[in-house]
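# Analysis of the macromolecular model
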Amino acid sequence: MKVLVTGGAGYIGSHTLVALLAAGHEVCVFDNFSNSSPVALARVRQLTNRDIRLVEADICNGDALMQATTEFRPDAVIHFAGLKAVGESSENPLLYYANNVAGSVNLLAAMDAAECHRIIFSSSATVYGRAQYLPFDEQHPVHPTNPYGRTKAIVEELIRDWAAAHPTASAVLLRYFNPVGAHDSGLIGEDPRDIPNNLMPFVAQVAVGRRTSLAIFGDDYNTRDGTGERDYIHVVDLANAHLAALDYSEKGPCCEVVNVGTGRGITVKELVAAYERACGRNIPAQIAPRRPGDVASSYAATAKAERLLGWRAALDIDAMCTSSWRWQSNNIEGYGDASAG
Ligand code: NAD
Ligand code: UD1
């Protein structure tokens, strides 16, 4: 199948490319490298020994998207491109609405022009907001608490309306929980540009000596050990969920929202202990105040993914930490370590 992958050079996109190419699909990446490096694509080529078409452009540029879809003529699109920093989305909401919402409108119009009506979209568990009950199932009310989350909820609605207007459309809206880890080769992984907002990349940078210690945001939550509990999902499992979603979308018209998680919560302290086992080093950490907006616990109900997609997570927290450590210790400065190409 021919798959257009927006944001394919990014963290989740690059891992999904490896899975797509291994499964024999032909890909075209559409990315402006605003939060990624061309080195990631060179590494994917190295890992798969396959060529990757690249269109270096912005999804805010509707003409460039239109040209990409009408030239490549994809059978399906996987739409990763977007901005994802929660704090930045509150400081600059218009940037998030322009990239995530208007960019998605451009993409759907470009798909229409090329008569492609199959899309897999990167949504987020952040659309649920504060838990009314756990685990989060797909029926849980959607109440995002920040502009980033609202852009994801709006694009879900946008795709629903677009799919309803096309009798043959298939759309799978994947709500990712907390993607972490790296490809086992250690060649590709998560490479945040600034100070990491998320726990695992921060821990990885402490382990490798780029940062001195971890601040644990609160130890007085109502959880096993008082620290925040999340559903970490190995990025390789997540990449495979996209293949399963593509297969599902081929069966016939649909528009489905599906959680992608393990169903299991891990606390901050448990994750740090697992990382220490993986790297054989001590991770210095101190307790700090709670981070505003954080919730105690978040984890997925996974039954729908199993039933609809026939997919379930296979890799545990030790595999997530071991692979993250392999990537981080081999690439201390991320892709910045590599000479281009
Ligand atoms: P990432 O930043 O590593 O990848 C996003 C890619 O999109 C990057 O290569 C970036 O250069 C590209 N991009 C961004 N804006 C663009 C634009 N306007 N035009 C063209 N390309 C653009 O992020 P990721 O972690 O791989 O996330 C991928 C998707 O999954 C995002 O939509 C994100 O919101 C969503 N998501 C991520 C997480 C997570 O924790 N990583 C969780 C839930 C959902
Ligand atoms: C964050 C985003 C969420 C996004 C998700 C994607 C916020 C407020 N929320 O959520 O929108 O969907 O990432 O993966 O940014 N922690 C520390 N120290 C740190 C960093 C984190 O103790 O330096 C704790 C947090 O308090 C939390 C846990 O680690 O309990 C996980 O944090 P993080 O990786 O940021 O993920 P989320 O909070 O789920």
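The present account deals with the structure reproduced in this document. (Residues numbered from 1 in each chain as written. Chains lettered and ligands numbered in written order. Predicted model: local features only at pLDDT ≥ 70, side-chain atom pairs only at ≥ 80, totals over all residues. Heavy atoms only, no water.)

### Focus on the overall build of the chain
On a plain count of helices and strands, the chain comes out with 11 helices and 13 strands. The C-alpha radius of gyration computed for the chain amounts to 19 Å, which stays within 12% of the reference 20 Å derived for 341 residues, consistent with globular compactness. Each principal axis of the C-alpha distribution contributes one length, and for the chain these read about 55 × 50 × 40 Å. Residue burial in the chain is summarised as follows: out of 341 residues, 55% are buried. Per element, the accessible surface of the chain, about 14100 Å² overall, is 49% carbon and sulfur. Taking the 29 positively charged and 38 negatively charged side chains of the chain as two groups, their mean positions are separated by 3 Å. (Helix = DSSP H or I, 4+ residues; strand = E, 2+ residues; numbered from the N terminus. Rg over C-alpha atoms; globule rule 2.2 N^0.38 Å. Buried < 20%, exposed > 50% of the residue type's maximum accessible area, 1.4 Å probe, protein only. Areas by Shrake-Rupley, 256 points an atom, 1.4 Å probe, with all protein chains shown as cover. Lys, Arg positive; Asp, Glu negative; His and termini not counted. Charge placed at Lys NZ, Arg CZ, Asp CG, Glu CD.)

### Focus on the site of ligand 2
Around ligand 2 sit 17 residues in total, of which Leu-199, Ala-215, Arg-230, Arg-291 and Asp-294 are the nearest. Here an oxygen atom of ligand 2 and a side-chain polar atom of Thr-126 are 3.0 Å apart. In the model, an oxygen atom of ligand 2 is placed 2.6 Å from a nitrogen or oxygen of the Asp-294 side chain. Surface burial for ligand 2 is 86%, taken as the share of its 730 Å² of free accessible area covered by protein chains. No other element matches strand 8 (residues 214-217), which puts four residues into the shell around ligand 2. Residues belonging to the shell around ligand 2 are distributed by class as follows: eight nonpolar, six polar and three charged. (Near = heavy atom within 4 Å. Polar contact = N/O pair within 3.5 Å; in protein donor to acceptor, adjacent residues only side chain to side chain. Nonpolar A, V, L, I, M, F, W, Y, C, P; charged D, E, K, R; others polar.)

### Some remarks on helix 8 (residues 235-250)
Helix length check: helix 8 (16 residues) gives 23 Å between terminal C-alpha atoms against 22 Å at 1.5 Å per residue, within 8%. Most of helix 8 is tucked away: 12 of the 16 residues are buried. Listing the buried residues of helix 8 in full gives Val-235, Asp-237, Leu-238, Ala-239, Ala-241, His-242, Leu-243, Ala-244, Ala-245, Leu-246, Tyr-248 and Ser-249. Just past helix 8, the residue Gly-252 takes up positive phi, approximately 155°. (Expected span 1.5 Å × (residues − 1).)

### Quick look at unusual backbone geometry
With an omega of -5°, the peptide bond between Leu-134 and Pro-135 qualifies as cis. Structurally, Pro-135 is set in the loop between strand 5 (118-124) and helix 6 (147-164). The phi angle at Asn-49 is positive, at roughly 55°, despite the residue not being glycine. The topology assignment puts Asn-49 in the loop between helix 2 (38-48) and strand 3 (53-56). Accessibility expressed as a relative area gives 73% for Asn-49, which makes it exposed.

### A look at the pattern of salt bridges
Scanning the entire structure with this criterion turns up 14 salt bridges. In this structure, the salt-bridge partner of Arg-277 is Asp-318, at a minimum N-O distance of 2.9 Å. Linking Arg-277 in helix 9 (residues 268-279) with Asp-318 in helix 11 (residues 317-330), this pair joins segments that are 41 residues apart in sequence. Given a relative accessible area of 55%, Arg-277 falls into the exposed group. Judged by its relative accessible area of 31%, Asp-318 falls in the partly exposed class. The partner of Asp-294 in a salt bridge is Arg-291, with the nearest N and O atoms 3.1 Å apart. Taking relative accessible area as the criterion, Asp-294 reaches 18% and is therefore assigned buried. In this structure, a network of salt bridges that share partners links the residues Glu-156, Glu-157, Arg-160 and Arg-175. (Salt bridge = Lys/Arg side-chain N within 4 Å of Asp/Glu carboxyl O.)

### Details of the packing of aromatic side chains
All told, the structure shown has five aromatic pairs when counted by the stated rule. With a centroid separation of 6.4 Å and 45° between ring planes, the pair formed by Phe-136 and Phe-177 is classed as tilted. Taken together, the positions of Phe-136 in the loop between strand 5 and helix 6 and Phe-177 in the loop between strand 6 (170-176) and strand 7 (178-180) put the pair 41 residues apart, joining distant regions of the chain. With respect to class, Phe-136 is no different from Phe-177; both count as buried. Ring plane angle 85° and centroid distance 6.5 Å describe the contact between Tyr-275 and Trp-325, whose orientation is recorded as edge-to-face. (Phe/Tyr/Trp six-rings, centres within 6.5 Å; stacked < 30°, edge-to-face > 60°.)

### Concerning the side chain of Gln-328
Among the structural elements, Gln-328 can be located in helix 11. If near-sequence neighbours (up to four positions away) are discounted, Gln-328 is found in contact with Ala-204, Gln-205, Val-208, Arg-210 and Tyr-275. (Contact = heavy atoms within 4.5 Å.)

### A word on helix 5 (residues 93-113)
The end-to-end C-alpha distance of helix 5 is 29 Å, a good match for the 30 Å that 21 residues give at a rise of 1.5 Å each. Most pronounced at Gly-103, the bend in helix 5 amounts to some 25°. Backbone geometry just downstream of helix 5 places Glu-115 in the positive-phi region, at approximately 55°. (Bend = angle between axes of the 7 residues up to and from the residue.)

### Observations concerning the site of ligand 1
Among the 26 residues in the neighbourhood of ligand 1, the closest are listed as Asp-31, Asn-35, Ser-36, Lys-84 and Asn-99. The contact in question runs from an oxygen atom of ligand 1 to an N or O atom on the backbone of Ser-34, over 3.0 Å. At a separation of 2.7 Å, an oxygen atom of ligand 1 approaches a polar side-chain atom of Lys-84. Expressed as a share of its isolated accessible area of 810 Å², the protein-covered part of ligand 1 is 96%. For the shell around ligand 1, the secondary-structure elements that each account for two or more residues are helix 1 (11-22), strand 5 and helix 6. If one sorts the elements of the shell around ligand 1 by residue count, strand 5 sits on top with three residues. Considering only residue class, the shell around ligand 1 consists of 11 nonpolar, 11 polar and four charged.

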